[in-house]
Amino acid sequence: IEYVMALFAASRIVTNNSVEQSNAAYRFLYRLKDGVHIRNAVLMETALLNLPDLKSADELHKVLFVGRITKQKNWPCLLRAIPLVDQGCRVQLVVCGEGEEKEQFLAMADELDIAEKVKHLGYQQNIYPIMRSCDMLVLPSWYEGMPNVLLEALSIGLPCIVSDIPAHRDIIDDTGCALLFDPTNPKEL
């Protein structure tokens, strides 16, 4: 029934499975309906699940930010929080991303006298090795569509601190799998 309905009623076919592994009828339908293959959002290697033990306060804690350096991502809140955290333990902010506000981001890090604590790696194709080397992910966004990096971090057990916005709450639900903070408040972060 599903095949017949798709044949007559669907304008496109979307799949998250490899079409080459599907039966001949589905491969025909996929080609006929100009099919689109959308991979699953998170590909995992089980070796990535072995995260290191928690660190003591005197060890360097790596805080990861992944995303475009743009107003939507609320990076000023994150930069303002770093000096507050650094009073109690050693912190390095690892930044993976590019964006139209990159120069303002780096200038603000200089103004806050934390430039030596910020390691800007730019855009990274494979984020998992970097996630493995960090102690937590922070997403201070004002809004998100689907925060894939949050899903990726949670999938390997990386602790996450995220802004209290609908997209993050939808993923976290009542599980407590990440900490929420008010995106207007660097001290709360």
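Use the structure listed above.
Reading the values: the criteria
- Along each chain, numbering runs from 1 in the same order as the chain's sequence is written.
- For a predicted model such as this one, the threshold for reporting local features is a pLDDT of at least 70, and the threshold for listing and counting side-chain atom pairs is 80 or more; totals across whole chains, interfaces and linings nevertheless cover every residue.
- Note: side-chain values were computed over all heavy atoms of the structure, leaving out hydrogens and water.
- Secondary structure elements are defined from DSSP: runs of H or I of at least 4 residues count as helices, runs of E of at least 2 residues count as strands, and each element is numbered from the N terminus.
- Note on classification: 1.4 Å probe, protein chains only; a residue is buried when its accessible area is under 20% of the maximum for its type, exposed when over 50%, partly exposed between these limits.
- Only heavy atoms matter for contacts: two residues are in contact if any of them lie within 4.5 Å across the pair.
- Note on areas: these come from Shrake-Rupley sampling with a 1.4 Å probe, and a residue is covered only by the protein chains present in the view.
- The disulfide criterion is simple: two cysteine sulfur atoms within 2.5 Å.
- The rule for a salt bridge is simple: a side-chain nitrogen of Lys or Arg has to be within 4 Å of a carboxyl oxygen of Asp or Glu.
- What makes two strands pair is DSSP finding at least two bridges between them.
- Aromatic rings from Phe, Tyr and Trp, taking only the six-membered ring of Trp, are treated as a pair when their centres fall within 6.5 Å; an angle between ring planes under 30 degrees marks them as stacked, one over 60 as edge-to-face, and anything in between as tilted.
- When the strands point away from the viewer, a crossover counts as right-handed if the route from the first strand across the helix to the second turns clockwise.
- The axes are straight lines fitted to the C-alpha atoms, using for helices just the contacting stretch, and the angles between their N-to-C directions are given from 0 to 180°.

A. Representation of the overall build of the chain. The helix and strand inventory of the chain stands at 7 helices and 8 strands. Looking at the chain as a whole, 39% of its 189 residues qualify as buried. Restricting to contacts in the chain with at least 6 residues of sequence separation, those with at least 24 account for 62%. Entry remark: accessible area of the chain is about 11,100 Å², with carbon and sulfur atoms responsible for 53%.

B. Inspection of the state of the cysteines at higher detail. For the coordinates displayed, the defined rule picks out 0 disulfides. Looking at the unpaired Cys-134, the closest cysteine sulfur is the one in Cys-96, lying at 7.1 Å.

C. Spatial organisation of the pattern of salt bridges. Enumeration over the complete set of coordinates arrives at 5 salt bridges. Residues Glu-144 and Lys-73 are paired through a salt bridge, measuring 2.7 Å at the closest nitrogen-oxygen approach. Pair noted here: Glu-144 is in the loop between β6 (136-139) and α6 (148-155) and Lys-73 is in the loop between β3 (61-66) and α3 (75-86), with a separation of 71 residues, a long-range link. Look at Glu-144 and you get buried, because its relative accessible area is 18%. On the accessibility criterion, Lys-73 (8% relative accessible area) is buried. In this structure, Glu-98 engages Lys-102 in a salt bridge whose closest nitrogen and oxygen atoms are separated by 3.6 Å.

D. Structural context of the pairing of β6. In the sheet, β3 pairs with β6 via 2 bridges, with the strands oriented parallel. Residue pairing for β6: Val-63 is matched across the bridge by Met-136. Here 3 bridges tie β6 to strand β7 (residues 160-163), and the two strands are oriented parallel to one another. Paired with Leu-137 across the bridge in β7 is Cys-160.

E. Spotlight on the packing of aromatic side chains. Throughout the structure, instances matching the rule amount to 1 aromatic pair. Measuring from centroid to centroid gives 5.6 Å for Trp-75 and Phe-105, while their planes differ by 70°, and the two rings are edge-to-face. Remark: Phe-105 occurs in helix α4 (residues 102-111) and Trp-75 occurs in helix α3; sequence separation between them is 30 residues. In this structure Trp-75 comes out as buried when scored by relative accessible area, which is 6%.

F. Structural view of the pairing of β7. As for the winding sense of the linkage, the β-α-β connection from β6 through α6 to β7 is right-handed. Note that β7 and strand β8 (residues 179-181) share 3 bridges and pair parallel. Residue pairing for β8: Ile-161 is matched across the bridge by Leu-179.

G. Structural detail: the sheet that holds strand β5 (residues 118-120). Strand order in the open sheet formed by 6 strands is β5-β4-β3-β6-β7-β8, and the pairing between neighbours is parallel. Only two strands of the sheet have a single partner each, and these edge strands are β5 and β8. Going across the sheet, the axis of each strand differs from the next one's by a mean of 25°, ignoring polarity. Note that β3 and strand β4 (residues 91-96) share 6 bridges and pair parallel. Bridging from a neighbouring strand, Val-63 pairs with Leu-93 of β4.

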